[in-house]
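# Notes for the structure review
What follows is each chain in one-letter form.
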Amino acid sequence: RTDMPGDTPQTVSFTFSHELVRLSFKVHAENAIVVSACLYGVNYGGTLKKEKTSEWTELEKAGNAETTPFRGNDIEFVDGTADLFGEILILPHTDLSEARLDLTFKTSDTGPEKTLTYNLSNTDVSEWTAGKSYGYNVILSGNMDLTVTVSNWVIHDTVVEW
């Protein structure tokens, strides 16, 4: 309360930083149907310990295509672009050598399916840093070309009510 005699409101210092990474995966294709997609070989859960630095422990790993929570089927294209998984919030990674993106696609309704696997460490990005956004763009035209854009996590003013 600030209406009591002698009370002076005090400023409260609050520092906020994101401890997660934001990922997005978009596919651009003129004549392709994405049958399924999955991201695996990544840690997606754990316990955050923060003292002087942040450390994630007790990690849960999406080790293979069967165990990953990051999958999509019958991906819908709008104007030649599809959003594979929506926005993913994930733990930071210092090594992406096991991170894989699988896409199964076909070039016509009756055409044969083709599955391609892309190792995410084969881009200019070798790690995912907390507080950053990584936008992966896949160009699908018989093969899979992948580029990534890194940006700061855009912060918006938000009203929170309890």
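Residues numbered from 1 in each chain as written. Predicted model: local features only at pLDDT ≥ 70, side-chain atom pairs only at ≥ 80, totals over all residues. Heavy atoms only, no water.

### Description of the packing of aromatic side chains
Scanning the entire structure with this criterion turns up 3 aromatic pairs. Measuring from ring centre to ring centre gives 5.7 Å for Phe25 and Phe85, while their planes differ by 80°; the resulting arrangement is edge-to-face. Of this pair, Phe25 sits in strand E1 (residues 21-28) while Phe85 sits in the loop between strand E6 (81-83) and strand E7 (88-90), and the two are 60 residues apart along the sequence. Comparing Phe25 with Phe85 shows no difference in burial state: the two are buried. Each ring, one from Phe25 and one from Tyr136, has its centre 4.8 Å from the other, and the planes form 10°; the classification is stacked. Taken as a pair, Phe25 in strand E1 and Tyr136 in strand E10 (residues 132-140) lie far apart in primary sequence, 111 residues in all. Comparing Phe25 with Tyr136 shows no difference in burial state: the two are buried. Taken together, Phe25, Phe85 and Tyr136 form an aromatic cluster joined through their ring pairs. (Phe/Tyr/Trp six-rings, centres within 6.5 Å; stacked < 30°, edge-to-face > 60°. Helix = DSSP H or I, 4+ residues; strand = E, 2+ residues; numbered from the N terminus. Buried < 20%, exposed > 50% of the residue type's maximum accessible area, 1.4 Å probe, protein only.)

### Let's talk about the sheet that holds strand E9 (residues 114-119)
Taken in spatial order, the 4 strands make up an open sheet running E5-E2-E8-E9, and their pairing is antiparallel. The sheet terminates laterally at strand E5 (70-73) and E9, the two strands that pair on one side only. Strand-to-strand, the axes of this sheet are offset by a mean angle of 15°, without reference to chain direction. The sheet contact formed by strand E8 (residues 100-106) and E9 spans 6 bridges and is antiparallel. (Pairing = 2+ DSSP bridges. Axes fitted to C-alpha atoms, helices over the stretch in contact; angles between N-to-C directions.)

### Topic: the pairing of strand E4 (residues 54-62)
The pairing of strand E3 (residues 42-50) with E4 spans 7 bridges and is classified as antiparallel. What sits directly across from Lys49, in E4, is Glu55. Hairpin connection from E3 to E4: 3 residues lie between these consecutive antiparallel strands.

### Focus on the environment of Phe70
Along the chain, the position of Phe70 falls in strand E5. Given a relative accessible area of 12%, Phe70 falls into the buried group. Along the sequence, Phe70 and Tyr40 sit 30 residues apart, while their C-alpha atoms lie 7.2 Å from each other.

### Focus on the pattern of salt bridges
A full pass over the atoms with the stated rule returns 4 salt bridges. Where Lys26 meets Asp83, a salt bridge forms, and the shortest distance between an N and an O atom there is 3.5 Å. Taken together, the residues Lys26 in strand E1 and Asp83 in strand E6 connect sequence positions 57 residues apart. For Lys26, a relative accessible area of 30% gives the class partly exposed. The class of Asp83 is partly exposed, set by a relative accessible area of 37%. (Salt bridge = Lys/Arg side-chain N within 4 Å of Asp/Glu carboxyl O.)

### Some thoughts on the nonpolar core
Counting residues in hydrophobic clusters, the biggest one holds 35 residues, and the most contacted among them are Leu23, Phe25, Leu84, Leu120, Trp128, Tyr136 and Leu140. At the level of secondary structure, the elements contributing two or more residues to this core comprise E1, strand E2 (33-40), E7, E8, E9, E10 and strand E11 (144-152). Non-local contacts of Tyr136, meaning those with residues more than four positions away in its chain, are made with Leu23, Ser24, Phe25, Lys26, Leu96, Leu120, Thr123, Val125, Trp128, Leu146, Thr147 and Val148. (Core = buried A, V, L, I, M, F, W, Y, C linked by side-chain atoms within 4.5 Å. Contact = heavy atoms within 4.5 Å.)

### Digging into the side chain of Thr104
Residue placement: Thr104 occurs in strand E8. Exposure remark for Thr104: the relative accessible area of 11% places this residue in the buried category.

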